[in-house]
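# Architecture at a glance
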Amino acid sequence: MRKKNTGSCLCGGVAYEVEGTLREVVACHCEQCRKTSGHHVAATQAPIAAVTITADETLTWYRSSDEAERGFCARCGGNVFWCQIGSDRISIMAGTFDDTSGLTLGRHIFVKDKADYVTLPVDAPTFDEAG
């Protein structure tokens, strides 16, 4: 993907820029991701130092477990970030980027928790846990 990537939630209350290379997209099927997104989450990742939040008027952080927190828009409900507590990296929901060209789906994780209606592609690497 391009060296500078921009994105936002649906209403624009949360917006960001990312400098540098993004990790491949990981689809997470864990119960928490299903419940926060209504499906599964597809997220890329970058160093926190590479991310600049350019609009945070409606950014709200929710500590979803002892290990992680999720950043979302309090106005439109857009799920934007996921961050492991103490990590120097942040996951960014792939669908929130203004331009998704160049992003590729690399693997599916927590497939043991996936919804019954989901059929995984036969050529995609899958992992029962984090992988």
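Read on for a plain summary of the structure. (Residues numbered from 1 in each chain as written. Predicted model: local features only at pLDDT ≥ 70, side-chain atom pairs only at ≥ 80, totals over all residues. Heavy atoms only, no water.)

## Looking at the sheet that holds strand E8 (residues 79–84)
Pairing within the open sheet is mixed, and its seven strands lie in the order E6-E7-E8-E9-E4-E3-E10. Only two strands of the sheet have a single partner each, and these edge strands are strand E6 (59–63) and strand E10 (105–109). Between one strand and the next, the sheet's axes are offset by a mean angle of 30°, whatever the strand orientation. (Pairing = 2+ DSSP bridges. Helix = DSSP H or I, 4+ residues; strand = E, 2+ residues; numbered from the N terminus. Axes fitted to C-alpha atoms, helices over the stretch in contact; angles between N-to-C directions.)

## Thoughts on the side chain of arginine 70
Along the chain, arginine 70 falls in strand E7 (residues 68–73). An unpaired buried charge is present at arginine 70: no salt bridge exists, and glutamate 67, the closest side chain of opposite charge, is 9.5 Å distant. The contact partners of arginine 70, leaving out residues within four places of it in the chain, are Gln32, Cys33, Thr36, Thr60, Trp61, Tyr62, Ser64, Phe81 and Trp82. (Buried < 20%, exposed > 50% of the residue type's maximum accessible area, 1.4 Å probe, protein only. Lys, Arg positive; Asp, Glu negative; His and termini not counted. Salt bridge = Lys/Arg side-chain N within 4 Å of Asp/Glu carboxyl O. Contact = heavy atoms within 4.5 Å.)

## A few points about the nonpolar core
It is characteristic of soluble globular proteins that their nonpolar side chains tend to be buried jointly. Ranked by internal contacts, the top residues of the largest apolar core, which has 18 residues, are Val14, Tyr16, Val18, Val51, Phe81, Ile92 and Phe97. Contributions of two or more residues to this core are made by strand E2 (14–19), E8 and strand E9 (89–93). Not counting residues within four places of it along the chain, the set of residues in contact with valine 14 comprises Gly7, Ser8, Cys9, Ala55, Thr58, Leu59, Phe72, Cys73, Val80 and Phe81. In terms of nonpolar packing, the next biggest core, distinct from the first, is built from eight residues, Val26, Cys30, Cys33 and Ala43 among them. (Core = buried A, V, L, I, M, F, W, Y, C linked by side-chain atoms within 4.5 Å.)

## Some details on the pattern of salt bridges
Applying the stated criterion to the full structure yields five salt bridges. Between aspartate 113 and lysine 112 there is a salt bridge, and its shortest N-O distance comes to 3.4 Å. Taking the relative accessible area as the measure of exposure, lysine 112 reaches 47% and is therefore partly exposed. Counted as one network, the salt bridges with shared partners bring together Lys4, Glu17 and Glu19.

## A few points about the environment of threonine 119
Within the element layout of this structure, threonine 119 appears in the segment after E10. Distance from threonine 119 to cysteine 11, taken between C-alpha atoms, is 31 Å for residues 108 residues apart in sequence.

## A few points about the side chain of threonine 96
Residue position: threonine 96 is located in the loop between E9 and E10. Note on threonine 96: relative accessible area 11%, which makes it buried. A distance of 2.7 Å separates a polar atom in the side chain of threonine 96 from a polar atom in the side chain of tyrosine 16. Leave out the neighbours within four places in its chain, and threonine 96 touches Gly7, Ser8, Tyr16, Asn79 and Val80. (Polar contact = N/O pair within 3.5 Å; in protein donor to acceptor, adjacent residues only side chain to side chain.)

## Considering the packing of aromatic side chains
Considering all chains together, one arrives at three aromatic pairs under this definition. With a centroid separation of 5.9 Å and 15° between ring planes, the pair formed by tryptophan 61 and phenylalanine 81 is classed as stacked. Of this pair, tryptophan 61 sits in strand E6 while phenylalanine 81 sits in strand E8, placing them 20 residues apart in sequence. What makes tryptophan 61 partly exposed here is its relative accessible area of 35%. Feature note: the residues Tyr16, Trp61, Phe81 and Phe97 constitute an aromatic cluster, connected by ring pairs. (Phe/Tyr/Trp six-rings, centres within 6.5 Å; stacked < 30°, edge-to-face > 60°.)

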